[in-house]
Amino acid sequence: MSTLITNDFETRRYRLFDVAKEGDVATRTPIYSTESTSGVVWVLKPGQEIKPHGHAKADDIWICIQGEGVFYPTPNEERPITKGDVIVSAKGMCHGMKNTGTEDFIFVGILAPVPADYFPIEG
């Protein structure tokens, strides 16, 4: 699958359940990238986690599609999240999550601007 966006509609449409991949750890699958933003699909099996982290120069928006879990707005705080939630983390803000449900937790992440950095946040 190409992550290049063109005027051809087929490079602009993604079928979520065709691109969502699962693995032994929380799995991030890139779906597109432009000069401004990038998009990924995350799949977390029950019990899998994305450790608290931040991006010094980019915002990260999560659009929750399936499942339930807890979100980490700080390393030592947990807030429930579920399908239908949209979570916005501005540059520098802590974010991470754990799937606490019984089914896969799936969300689309949009990161801008790119390239983005990554830094872990310890509790």
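This section reports on the structure supplied with the text.

What counts, and where the lines are drawn
- Residues numbered from 1 in each chain as written.
- Predicted model: local features only at pLDDT ≥ 70, side-chain atom pairs only at ≥ 80, totals over all residues.
- Heavy atoms only, no water.
- Pairing = 2+ DSSP bridges.
- Helix = DSSP H or I, 4+ residues; strand = E, 2+ residues; numbered from the N terminus.
- Axes fitted to C-alpha atoms, helices over the stretch in contact; angles between N-to-C directions.
- Contact = heavy atoms within 4.5 Å.
- Core = buried A, V, L, I, M, F, W, Y, C linked by side-chain atoms within 4.5 Å.
- Buried < 20%, exposed > 50% of the residue type's maximum accessible area, 1.4 Å probe, protein only.

The strand order across the open sheet formed by 5 strands is S1-S2-S9-S4-S7, and the pairing between neighbours is antiparallel. Two strands lie at the open edges of the sheet, namely strand S1 (27-33) and strand S7 (86-89), each paired on one side alone. For this sheet the average axis-to-axis angle between neighbouring strands, irrespective of direction, equals 20°. The sheet contact formed by S1 and strand S2 (residues 38-44) spans 6 bridges and is antiparallel. Within S2, the residue paired with Tyr 32 across the bridge is Gly 39.

A few words on the environment of Val 86. Residue placement: Val 86 occurs in strand S7. The sequence separation of Val 86 and Trp 62 amounts to 24 residues, and the corresponding C-alpha distance is 5.6 Å. Apart from the residues within four sequence positions on either side, Val 86 is in contact with Ile 61, Trp 62 and Ile 63.

Among soluble globular proteins, nonpolar side chains are generally buried collectively. With 13 residues, the main nonpolar core has Trp 42, Leu 44, Ile 50, Trp 62, Met 97, Phe 105 and Phe 107 as its most contacted residues. Every element with two or more residues in this core is listed here: S2, strand S4 (59-66) and strand S9 (105-112). Considering every element that reaches this core, the biggest residue donor is S2, with 3 residues. Excluding anything up to four places from it in sequence, Trp 62 contacts Ile 50, His 53, Phe 71, Asp 85, Val 86, Ile 87, His 95, Gly 96, Met 97, Phe 107, Val 108 and Gly 109.

All right, on to the pairing of strand S5 (residues 68-74) then. Where S5 and strand S6 (residues 77-82) come together, 5 bridges link them in antiparallel fashion. In the strand pairing of S6, Glu 68 is matched with Thr 82. Counted between consecutive antiparallel strands, the loop separating S5 from S6 contains 2 residues. Across 3 bridges, S5 lies against strand S8 (residues 95-99) in antiparallel orientation. Residue pairing for S8: Gly 69 is matched across the bridge by Asn 99.

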